[in-house]
2 protein chains.
Amino acid sequence: MSKLAIAIHGGARQDSEFIRNNLNGYKEALREATEISFTLLKRGKPALDAVEAAINYLEDCVLYNAGRGSAINSVGTVEMDASIMDGKDLRCGSVAMLRFVKNPVTLARHILEDSHHILLGGEGAIEYAKHKGVVMEHESYFVVPHQYDLFMKRRDQLSKKEKEELKNHGTVGAIALDSKGNLAAATSTGGTSFNKQGRIGDAAMIGVGCFASNKSCGVCATGDGELNIRSIAAGYVSMLMEEKGMSVQEACDYVIHVKNKNAKGDMGLIAIDPSGNIGMSHNSVLMHRAWMTSDQDFTQKVYEK
Amino acid sequence: MSKLAIAIHGGARQDSEFIRNNLNGYKEALREATEISFTLLKRGKPALDAVEAAINYLEDCVLYNAGRGSAINSVGTVEMDASIMDGKDLRCGSVAMLRFVKNPVTLARHILEDSHHILLGGEGAIEYAKHKGVVMEHESYFVVPHQYDLFMKRRDQLSKKEKEELKNHGTVGAIALDSKGNLAAATSTGGTSFNKQGRIGDAAMIGVGCFASNKSCGVCATGDGELNIRSIAAGYVSMLMEEKGMSVQEACDYVIHVKNKNAKGDMGLIAIDPSGNIGMSHNSVLMHRAWMTSDQDFTQKVYEK
């Protein structure tokens, strides 16, 4: 039986006054998500189930920028991106500009399981969600007080330029290694506060925000989504491991601190290799994260380097 | 002064009865697009202008699956994807699920030039297009007789499963190297016939359908978009050149014939390195393409290996 491992991040952001004021709840949710995932792995469930369950838990928690609690865009609505990938056979699914779907990563999982497409966006994704019968909610479900207050304050007080320069990103990501030695990765996000309607970020893009292959690793990127896109962040980690034989930690460090050392913007990466080794690297002040393996009890770093 | 080079592809597809019946026009358009681009390069214009002009020409030509002449999706509408990237500074822009915009790659160029986002989709992209004042057309402009006839025939004659298995892909892509030694790449597509509403393909994804970096190459992928996504096709070529020192031809061949040799689906890649060497590789029966450099007159391969 393979070593079991789960690693989860809650984003690489600095400006989270609300989180600092609700730190116990934030940490508790990260612990719950990790333990739920790990329990599934211990019961022999596939890594795909474990990452979906972890992300679902954080999508349902108002403290995380995904699902309920998502950032509000410049026209006052919530549009969500998510993706999921199976390292065993490279099947994958993702959604972009998604509204009304309670758990975006679960819709991405439906695409992975039985669509010949990978990425569905906007109205087409909503139609697909209705067809699949996934849980839908009214828009008001997604808009929580702290995001609404932030939106109103910024709308009324910031200039257009200041709004565009906001770096209030936040993503959740999870990677798991199951008892059969299969890797999976998943991400979900509400995007960035005041982003343009229709902005699609790295979390919807397989190979950028999320990637998994049993030949290399499962990996999630967080931070400045646009920087992650032009750096092909998650895919680069996988390529360095598969083509150059780097370890998972070396590959994460290389992408952030060597390849993109002069890039402006926050980057964060967490990854697990097929042996259950965990790599984590970031250039941001913070990257909230937690992990647990067959060898190591639950550990989390929230407001720690 | 750097060597000048332009390379263009018109997609990697087999089932193009309409093209076979209009072969002279198809070839003439490929020649025109190449020569227009090369003329711009000779006048000292940036590679970015050259690739945009080439793609605009093919977007306007009904024989290519991009802009006017795009494939019709399963709900009977045209939704287009496009992307463009500057190898000098990695600025990039892309659009997905775009309607009404005459030249999708030109809207992507606007995003590249002055948005803090990279990828805009659906209604948000259309709002941005209005704001930028790009040329818009009624839906009927995009729907041309041969695509309409194909849509109606398939709608009435094929089973649901047969429709989903259609591989009638088609993309256009262009890469250029300018007199200052800068690379750029651009792609545009109408997607696949009978794809689901909201399907976003590789052509909208920087690092997958299109990538450019002066450190490695400019590169466009074509073929089965979903295969290109899970293979991180364009980004892989760039990474192999930058991190493993492969030549542009070696990298294209490796991605298609080594890394993805067991993958099911069509893949095609064309790329140019900073010295003006051109790499081209495909596993599909055909990949229509043309190129021209300071050293080599216009050359095209249409219905040739």
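Preceding this paragraph is the structure being described.
We now turn to the structure provided with this report.

Conventions adopted
Residues numbered from 1 in each chain as written. Chains lettered and ligands numbered in written order. Predicted model: local features only at pLDDT ≥ 70, side-chain atom pairs only at ≥ 80, totals over all residues. Heavy atoms only, no water. Pairing = 2+ DSSP bridges. Helix = DSSP H or I, 4+ residues; strand = E, 2+ residues; numbered from the N terminus. Least-squares fit on C-alpha atoms with pLDDT ≥ 70 in both. Contact = heavy atoms within 4.5 Å. Buried area = accessible area lost by both parts, 1.4 Å probe. Salt bridge = Lys/Arg side-chain N within 4 Å of Asp/Glu carboxyl O. Buried < 20%, exposed > 50% of the residue type's maximum accessible area, 1.4 Å probe, protein only. Core = buried A, V, L, I, M, F, W, Y, C linked by side-chain atoms within 4.5 Å. Axes fitted to C-alpha atoms, helices over the stretch in contact; angles between N-to-C directions. Parallel < 35°, antiparallel > 145°, perpendicular 65-115°, else oblique. Nonpolar A, V, L, I, M, F, W, Y, C, P; charged D, E, K, R; others polar. Disulfide = S-S within 2.5 Å. Phe/Tyr/Trp six-rings, centres within 6.5 Å; stacked < 30°, edge-to-face > 60°. Left-handed = near helix turned anticlockwise from the far one by under 90°. Polar contact = N/O pair within 3.5 Å; in protein donor to acceptor, adjacent residues only side chain to side chain.

Comments concerning the sheet that holds strand S12 (residues 289-293) of chain A
Argument step 1. Spatially, the nine strands line up as an open sheet ordered S13(A)-S12(A)-S1(A)-S5(A)-S6(A)-S2(A)-S3(A)-S4(A)-S7(B), and their pairing is mixed. Two strands in the sheet have a free side with no partner beyond their single neighbour: strand S13 (299-301) of chain A together with strand S7 (199-200) of chain B.
Argument step 2. In this sheet, strand S3 (residues 92-98) of chain A lies alongside strand S2 (residues 80-86) of chain A in antiparallel orientation, the contact comprising five bridges. The residue bridging A:Met85 from the neighbouring strand is A:Cys92, located in S3(A).

Quick look at the relation of the copies chain B and chain A
Argument step 1. Superposition of chain B onto chain A requires a rotation of 180° combined with a translation of 0.0 Å along the rotation axis, giving an RMSD of 0.0 Å. Seen this way, the second copy is the image of the first under a two-fold rotation axis.
Argument step 2. A shared interface surface links the copies, since 100% of the contact residues of chain B are contact residues in chain A too.

Some details on the interface of chain B and chain A
Argument step 1. Each partner contributes to the interface: chain B provides 43 residues, whereas chain A provides 43 residues.
Argument step 2. The junction of chain B with chain A conceals about 3800 Å² of combined surface from both sides, 62% of it contributed by carbon and sulfur atoms.
Argument step 3. Counting the surface chain B buries against chain A, the share from its top three residues, B:His116, B:Arg230 and B:Glu243, is 17%.
Argument step 4. In this assembly, chain B and chain A are joined by two salt bridges.

Focus on the pattern of salt bridges
Argument step 1. Applying the stated criterion across every chain yields a total of 30 salt bridges over all chains.
Argument step 2. In this structure, B:Glu52 engages B:Arg109 in a salt bridge whose closest nitrogen and oxygen atoms are separated by 2.8 Å. In this pair, B:Glu52 is assigned in helix H3 (residues 47-60) and B:Arg109 in helix H4 (residues 104-114), connecting sequence segments 57 residues apart. Take B:Glu52 and B:Arg109: they sit in the same class, and that class is buried.
Argument step 3. Residues joined in a network through salt bridges with shared partners are A:Asp49, A:Glu52, A:Asp86, A:Asp89, A:Arg91, A:Arg109 and A:Glu113.

Points about the pairing of strand S9 (residues 218-223) of chain B
Each regular strand carries side chains that alternate between the two faces of the sheet.
Residues and elements named next belong to chain B.
Argument step 1. Burial analysis of S9 places six of its six residues in the buried class, which makes it a mostly covered element.
Argument step 2. When strand S8 (residues 210-212) meets S9, the two strands line up antiparallel, connected through three bridges. Considered in S9, the bridge of Ala212 is made with Gly218.
Argument step 3. Two successive antiparallel strands, S8 and S9, enclose a turn made up of five residues.
Argument step 4. Relative to strand S10 (residues 267-272), S9 runs antiparallel, the two being bridged by six bridges. Residue pairing for S10: Gly223 is matched across the bridge by Met267.

Brief notes about the side chain of B:Ser37
Residue and element names in this part refer to chain B.
Argument step 1. As for its placement among the helices and strands, Ser37 is situated in helix H2 (residues 23-42).
Argument step 2. For Ser37, a relative accessible area of 0% corresponds to the buried category.
Argument step 3. In contact with Ser37, other than residues within four places in its own chain, are Ile6, Ala50 and Ala54.

Examining the nonpolar core
Argument step 1. Counting 98 residues, the largest nonpolar core has A:Val237, A:Leu269, B:Val237 and B:Leu269 as the members making the most contacts within it.
Argument step 2. Once you skip the residues sitting within four places of it in the chain, B:Val237 turns out to touch B:Cys217, B:Val219, B:Ala251, B:Cys252, B:Val255 and B:Leu269.

A closer look at the packing of helix H3 (residues 47-60) of chain A against helix H4 (residues 104-114) of chain A
All names here are of chain A.
Argument step 1. Contact geometry for H3 and H4: axes closest at 8 Å, N-to-C directions at 155°. Compared by their axis directions, H3 and H4 come out roughly antiparallel. Contact residues: H3 offers Leu48, Asp49, Glu52, Ile55, Asn56 and Glu59, while H4 offers Pro104, Val105, Thr106, Arg109, Leu112 and Glu113.
Argument step 2. Partitioned by chemical class, the residues of the contact of H3 with H4 number five nonpolar, two polar and five charged.

Details of the state of the cysteines
Residues and elements named next belong to chain A.
Argument step 1. Counted by the stated rule, this structure contains zero disulfides over all chains.
Argument step 2. Sulfur of Cys61: no disulfide; nearest cysteine sulfur belongs to Cys220 and is 18 Å away.
Argument step 3. For Cys61, a relative accessible area of 14% corresponds to the buried category.
Argument step 4. Among the cysteines around Cys92, which has no disulfide bond, Cys210 carries the closest sulfur, lying 8.2 Å off.

Topic: unusual backbone geometry
All names here are of chain B.
Argument step 1. Although it is not a glycine, Leu90 adopts a positive phi angle of roughly 65°.
Argument step 2. Within the fold, Leu90 resides in the loop between strand S2 (80-86) and strand S3 (92-98).
Argument step 3. Classification of Leu90 by relative accessible area gives partly exposed; the value is 22%.
Argument step 4. Despite not being glycine, Phe194 has its phi angle at roughly 70°, a positive value.

Describing H4(B)
Residues and elements named next belong to chain B.
Argument step 1. Buried residues dominate H4, accounting for eight of its 11 residues.
Argument step 2. All of the buried residues in H4 are Pro104, Val105, Thr106, Leu107, Ala108, Arg109, Ile111 and Leu112.
Argument step 3. Packed against the buried residues of H4 are H3, S2, S3, strand S4 (119-121), helix H5 (122-132) and strand S6 (183-189).

Considerations on the packing of aromatic side chains
Argument step 1. Scanning the model with the defined rule gives six aromatic pairs over all chains in all.
Argument step 2. With centroids separated by 5.0 Å and ring planes inclined at 90°, the aromatic side chains of A:Tyr141 and A:Phe142 adopt a geometry described as edge-to-face.
Argument step 3. Ring centres of B:Phe151 and B:Phe194 lie 5.1 Å apart, and the angle between their planes is 20°; on these two criteria the pair is classed as stacked. Of the two residues, B:Phe151 sits in helix H7 (residues 145-157) while B:Phe194 sits in the loop between S6 and S7, which places them 43 residues apart along the sequence.
Argument step 4. The class for B:Phe151 is buried, based on a relative accessible area of 8%.

Focus: the packing of helix H10 (residues 233-244) of chain A against helix H10 (residues 233-244) of chain B
Argument step 1. Axis separation between H10(A) and H10(B) bottoms out at 11 Å; the angle between their running directions is 55°. In this view, H10(A) runs oblique relative to H10(B), as classed from their interaxial angle. Of the two possible hands of crossing, H10(A) and H10(B) adopt the one that is right-handed. Along its contact with H10(A), which presents A:Tyr236, A:Met239, A:Leu240, A:Glu242, A:Glu243 and A:Lys244, the element H10(B) presents B:Gly235, B:Tyr236, B:Met239, B:Leu240, B:Glu242, B:Glu243 and B:Lys244.
Argument step 2. Each residue belonging to the contact of H10(A) with H10(B) can be placed in one class, and the counts come to six nonpolar, one polar and six charged.

Thoughts on the environment of A:Lys102
All names here are of chain A.
Argument step 1. With respect to the helices and strands, Lys102 occurs in the loop between S3 and H4.
Argument step 2. You can call Lys102 buried: its relative accessible area is 18%.
Argument step 3. Sequence-wise, Lys102 and Gly209 are 107 residues apart; in three dimensions their C-alpha atoms are separated by 21 Å.
Argument step 4. Looking at Lys102, its side chain comes within polar contact range of the side chain of Asn103, at 3.5 Å.

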